[in-house]
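Analysis of the macromolecular model
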Amino acid sequence: MKEKFLDQLRSYVDNTKSLKWEGTVSEYIELLINKPSIHISAHQRVLNMVLSHGVERDEDGTIIAFNFFKDDLFGIDESIEEFVSYLRAAASGSEVSKRILLMYGPTSSGKSQLAVLLKRGLEAYSETEEGAVYRLKGTPMNEDPLCVVPERLRAQIEKELKIKIVGEPSPLMAKILLEEYDGNFMDMKVERYFISERNRTSIGTFVPSDKKSQDISELVGSIDLSTVGEYGSESDPRAYRFDGELNVANRGMMEFVEMLKVDQKFLYVLLTLAQEKNIKTGRFPLIWADEFICAHTNETEYKRFLGKDEMEALQDRVIVIKVPYNLSVDNEIKIYEKLIKQASFEGKHIAPHTIKCAAMFAILSRLKESDHQGMTILKKMKMYNDEEVDGFTLAEVPKFKKEFDDEGMIGISPRYVINRIAAKLSEENNASVNPLDIIRSLRDGMKSNPKVDKKEADRLESILLFVIEEYEKLAKNDVQKAFFVNFEHEIKNLLANYMEQIEGFLDGAKIEDEWGTTSDPNERLMRSIEEKIGISESGKKSFRQEIYRKMLKNGNNYQEHAALKEALEKQLFDERQDIIRITVSSRNPDEEELRKVNVVIDTLCKQHGYSVDSANQLLRYVS
């Protein structure tokens, strides 16, 4: 196994070496003749990378998911769709390519993660044949080899290769072309390179710091004073460090973290780059750069930005994408499962429904009470999770999502929830963690959360009550399922008794027991079963007629009648509940009942994912 692993590493290194290529501009043009698709814009490169992972389509052929994002970002499909739509428009060469993409939303909604995914994706894509990218050798800005082609010759090349040549060489490469190659651009050296954030090739990242200490040179580079004496002038490009984040991001992607927190002079540089595709530095003409600018910020800063009249020019050059919190329980579960897998909690068992309860709490905190009659936040949570609820259809979900513009922009963040889950999992004495442990942990965490005031704490407490209510249903259902898997004969006996009582009721006849004693049908038993599924007094006769007819037809196969199955299971469980409680808590339980309970525990462990400890805790809670 170790040898195989080492072989894989060696194979990667050898493959990377084999991808290297060096030649001249002339030889690069020959490459383009055979494969013009390698000459693309930064936006097209990002789009190609995303699409290279494939898409999922529905029956009508409509794209419903982009594979590149599906294992890392959950529940923000609409934002991702908007993002790809922006890329398509920008990649076409339209004016959209001269816009800054700005994502805004609450903390931990996926903005930074999306940017990180794109950067890692570009790195990997540049190592493929399809994603090969080339630059002038020696350039500090990863410049396109064709940028040295004189303007008067470009039209012919563009016509022959069906490509578009844009941009000018940087001051440094222009000087090298003139002095080292005597203007012969065809002999200039070209190399294939790999996009890398670590090596600062075609990926730049800018994080704002204190406005008083932050220097614009972090974006656009600076004069290298140590070489001014050697080259004789500060305006000599050889005496300049083209190492600003905007310089190194050329031909790739520039991530601007918390963009709107920076000093305005930084934003003006971005404005020039976005609109004119030029970087302005002192002592030099405008420097051409082609890069996808991906910025993100929080909602508070974004609203403040909209209120500044002096920022009107930048506002007009920004494409905004809202990235709200996920509103689907199933997707929220995927978020936490992914984060838990990234950590190491060896030997810790997570009981079923534990992560789901945490997810329900998070989702409910982000929802708003609807004005539509009968629509509660519990029902809304289920509908947003593609679950059917009484009184509404899933076709109405878009209507409810349009009811509030800011739904999903408030509430508990995934970061808070995973912190509370991790806190509980890291406790030394906990062999297993169950939903009640997590609910307590979520509640305890509110006391130390500076964002939770008294009013918000009360709201979250009421949400936890909803979560507990939902968990009780899930817990009881698990025990019922485990119970009836092993005691099928008991439920069939109950069914036989129920059917006998129904027959007597419908025929108006007496029921005879094994001793020959006759009595009226047991109305108490029948109603006890029927009330479990909400059959009213006025509706009992028609229900009994329906049940009797169907059971005669299918040979008493209650499994085919969902309502009857549920009623019988609940009835039998209620009859056994006291016995379960006594058996689980008693020091000297009845041996037969203990055997039955142990069979239930065994089923919970083998078929439902519980440990012995968590199964016992479940039985105590349910009973």
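The structure we're discussing is the one just above.
Here we summarise the structure given alongside this text. (Residues numbered from 1 in each chain as written. Predicted model: local features only at pLDDT ≥ 70, side-chain atom pairs only at ≥ 80, totals over all residues. Heavy atoms only, no water.)

Topologically, asparagine 278 is positioned in strand β11 (residues 278–279). Here asparagine 278 falls in the buried class, since its relative accessible area comes to 13%. Within the structure, the side chain of asparagine 278 is placed 3.1 Å from the backbone oxygen of glutamate 276, a separation counted as a polar contact. Among residues more than four places away in sequence, those in contact with asparagine 278 are Thr272, Leu273, Leu286, Ile287 and Trp288. (Helix = DSSP H or I, 4+ residues; strand = E, 2+ residues; numbered from the N terminus. Buried < 20%, exposed > 50% of the residue type's maximum accessible area, 1.4 Å probe, protein only. Polar contact = N/O pair within 3.5 Å; in protein donor to acceptor, adjacent residues only side chain to side chain. Contact = heavy atoms within 4.5 Å.)

On to the pattern of salt bridges. Under the counting rule described, the total for this entry stands at 44 salt bridges. With a shortest N-O distance of 3.4 Å, aspartate 72 and lysine 338 are connected by a salt bridge. Residue aspartate 72 is located in the loop between α4 (67–70) and α5 (77–91), and its partner lysine 338 is located in helix α15 (residues 329–342); the two are separated by 266 residues in the primary sequence. Glutamate 537 is the salt-bridge partner of arginine 527, the closest N and O atoms lying 3.3 Å from each other. Placement of the pair is arginine 527 in helix α23 (residues 523–531) and glutamate 537 in the loop between α23 and α24 (540–554), with a sequence separation of 10 residues. Each of the salt bridges in this network shares a partner with another, and the network as a whole consists of Glu523, Arg527, Glu530, Glu531, Glu537, Lys540 and Arg544. (Salt bridge = Lys/Arg side-chain N within 4 Å of Asp/Glu carboxyl O.)

Within the element layout of this structure, tyrosine 28 appears in helix α2 (residues 25–34). On the accessibility criterion, tyrosine 28 (0% relative accessible area) is buried. Residues tyrosine 28 and histidine 53, spaced 25 residues apart in sequence, show a C-alpha to C-alpha distance of 27 Å. Apart from residues no more than four positions distant in its own chain, tyrosine 28 is found in contact with Trp21, Ile38, His39, Tyr134, Asp144, Pro145, Leu146 and Val190.

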